[in-house]
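Fold and geometry: a report
This is what each chain is made of:
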2 protein chains.
Amino acid sequence: MSDGSTKKPSRIQQRNRHLILDAALEVFSRHGFRGATLDQIATQAGLSKPNILYYFGGKEDIHLTLLSQLMETWLDPLVEMNAAGDPVEEILNYVQRKLDMAQQLPRESRLFAGEILQGAPRMRPELESKLKPLFDEKCAVIQSWIQQGRLPPLDPRHLIFSIWASTQHYADFESQVSLLMNEGDDTYASAATHLNMMFRTLLQG
Amino acid sequence: MSDGSTKKPSRIQQRNRHLILDAALEVFSRHGFRGATLDQIATQAGLSKPNILYYFGGKEDIHLTLLSQLMETWLDPLVEMNAAGDPVEEILNYVQRKLDMAQQLPRESRLFAGEILQGAPRMRPELESKLKPLFDEKCAVIQSWIQQGRLPPLDPRHLIFSIWASTQHYADFESQVSLLMNEGDDTYASAATHLNMMFRTLLQG
DNA sequence: TCGTAGATTTACCAAATGGTAAAATTTAAT
DNA sequence: ATTAAATTTTACCATTTGGTAAATCTACGA
């Protein structure tokens, strides 16, 4: 009824697959693909190693499943950028959504960053098939805003890169950021203020 | 005569240590610490594995040597930021130096990024002793510029984070960037233009 | 040229790790 | 309750990998 290849995942299956993926996200995001071990994932999930391999084909399979699930969530904030809205507001809202994502899903951000850092060996196909078309589409939207005179002339691609970099930085480089920020301060709140100002002046000035 | 613990590195020693560190930089930056193997490093260096361990105490030693050497180079552009200069020019020059560095030393950038991404397990002491004091010092410089009315009010810490993030992005996420940029374009040239404009409007507007 | 310190290779080892087979246990429909 | 299917554990295995010991080779000053 659902996808034709399997009947229906039992409650145990559903629970354990989720446990494993959550544990794997924790471990992969902290240690990278090769740095992570099935034993670590098993311990984190509270299951035995062979039991994990009962639910997934192998280490690679778990990693790939995570990346695949992540892609959707990851692209969502950009999908929401609406060509019919106000350019400045749309882009500033996008910045805020990306920053929120870094704050709320830091493990996902680091998993993604680690994969890209190593040349995207396991994710390139999905980058090409999902990220690239969306990126091109939104670049075209921004370009049209510029041509309508609603934004100053700038390279949409680099604008998006700057947004990605400056927001994800707080998740990916968290260990450095927390070392350099004073503990009392709310890093994400002040980051939101700063990034809002930075991109607002860029888009309006 | 040089450092008191060793006589003098022979020509062979000098050459081979350099070969090994260069090979290790290549391998570590691409695969991370655990992802890299001594065999890979040995092959890349054109030496045998035991021969590599003749020159270094072990895998960890090689990695630590690389990170230690890198720190100096890495902080240099920020050191050059001069409190006596023009604020906007000083910061824009800093942006450009960081971008040049990403372009010319992408392996070093990725090595650094990978270490931070994993929580800086091997570099935290040096981050605390070298990066943090310099960071605090330059934040104070920027703060004084602001108090003198020579820069608009902004959080110096987040300004520096934004500069780091948006410049290093081109090295650390190179695989993604190259996938999304059209091949004919000069990525770094257009990035320089964009970042210059972005930070100029922020600092002047 | 000879001898020795320096450099390199050969042949290993122990631990870690991804993975498997099969027995044992639990679950759930009848 | 019975039984068949699903799940979990126990006991392994082969490969990879960081590292070592000792033999061998090479550079180089006396």
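Residues numbered from 1 in each chain as written. Chains lettered and ligands numbered in written order. Predicted model: local features only at pLDDT ≥ 70, side-chain atom pairs only at ≥ 80, totals over all residues. Heavy atoms only, no water.

1. Some remarks on the protein's contact with DNA strand C
- Close contacts around DNA strand C come from 18 residues, with Leu38(A), Lys59(A), Ser10(B), Asn16(B) and Tyr55(B) the closest.
- Near-protein atoms of DNA strand C (within 4 Å) split between backbone and bases, with sugar and phosphate holding 55%.
- At a separation of 2.8 Å, a phosphate oxygen of DNA strand C approaches a polar backbone atom of Leu38(A).
- Contributions of two or more residues to the surface near DNA strand C are made by helix H3 (49-55) of chain A together with helix H1 (11-35) and helix H3 (49-55) of chain B.
- Looking at the surface near DNA strand C residue by residue, the classes come out as eight nonpolar, seven polar and three charged. (Near = heavy atom within 4 Å. Polar contact = N/O pair within 3.5 Å; in protein donor to acceptor, adjacent residues only side chain to side chain. Helix = DSSP H or I, 4+ residues; strand = E, 2+ residues; numbered from the N terminus. Nonpolar A, V, L, I, M, F, W, Y, C, P; charged D, E, K, R; others polar.)

2. Thoughts on the pattern of salt bridges
Residue and element names in this part refer to chain A.
- Scanning all chains against the criterion turns up 22 salt bridges over all chains.
- Between glutamate 137 and lysine 138 there is a salt bridge, with its nearest N and O atoms 3.4 Å apart.
- By relative accessible area, glutamate 137 is classed as partly exposed at 42%. (Salt bridge = Lys/Arg side-chain N within 4 Å of Asp/Glu carboxyl O. Buried < 20%, exposed > 50% of the residue type's maximum accessible area, 1.4 Å probe, protein only.)

3. Points about the relation of the copies chain B and chain A
- In screw terms, the move from chain B to chain A is a rotation of 180° and a rise of 0.0 Å along the axis, fitting with an RMSD of 0.0 Å. The transformation just described matches what one would write down for a two-fold rotation axis. Relative to the rotation axis, the C-alpha of Ala165(B) is the closest in chain B, positioned 2.6 Å from it.
- The share of interface residues of chain B whose copies in chain A are also at the interface is 100%, consistent with both copies meeting through the same surface. (Least-squares fit on C-alpha atoms with pLDDT ≥ 70 in both. Contact = heavy atoms within 4.5 Å.)

4. Details of helix H2 (residues 38-45) of chain A
- Taken together, the buried positions of H2(A) are occupied by Leu38(A), Ile41(A), Ala42(A) and Ala45(A). With its buried residues spanning 100° around the axis, H2(A) presents them on a single face. (Arc of directions from axis to C-beta.)

5. Overview of the interface of chain B and chain A
- Taken together, the contacts link 56 residues of chain B with 56 residues of chain A.
- Per-residue buried area on chain B facing chain A is highest for Leu117(B), Leu179(B) and Leu180(B); these three make up 15% of the total on that side.
- For the pair chain B and chain A, the interface holds two salt bridges.
- One salt bridge in this structure joins Asp185(A) and Arg157(B), with 2.9 Å as the shortest N-O distance. (Buried area = accessible area lost by both parts, 1.4 Å probe.)

6. Focus: the protein's contact with DNA strand D
- Taken together, 18 residues lie around DNA strand D, and Ser10(A), Gln13(A), Tyr55(A), Leu38(B) and Lys59(B) are the ones closest in.
- For DNA strand D, a phosphate oxygen lies 2.8 Å from a polar atom in the backbone of Leu38(B).
- The separation between a phosphate oxygen of DNA strand D and a polar main-chain atom of Lys59(B) is 2.8 Å.
- Going through the elements one at a time, helix H1 (11-35) and H3 of chain A together with H3 of chain B are the ones with two or more residues in the surface near DNA strand D.
- For the surface near DNA strand D, the per-class residue count stands at eight nonpolar, seven polar and three charged.

7. Remarks on the domain arrangement of chain A
Residues and elements named next belong to chain A.
- Taken domain by domain, chain A holds domain 1 (1-56) and domain 2 (64-204).
- Computed over C-alpha atoms, the centres of domain 1 and domain 2 are 28 Å apart.
- Of the roughly 910 Å² buried at the junction of domain 1 and domain 2 (both faces included), carbon and sulfur atoms supply 61%.
- Among the residues of domain 1 in contact with domain 2, Leu21, Leu25 and Ser29 are the three that bury the most area, contributing 54% of the side total.
- Put simply, domain 1 and domain 2 have two salt bridges between them.
- As a salt-bridge pair, arginine 107 and glutamate 26 come within 2.9 Å of each other at their nearest N and O atoms.
- If you look at where domain 1 meets domain 2, you find two residue pairs in polar contact (both at pLDDT 80 or more).
- The residue inventory of the side of domain 1 that touches domain 2, partitioned by class, reads six nonpolar, one polar and four charged. (Domains from an automatic or database assignment.)

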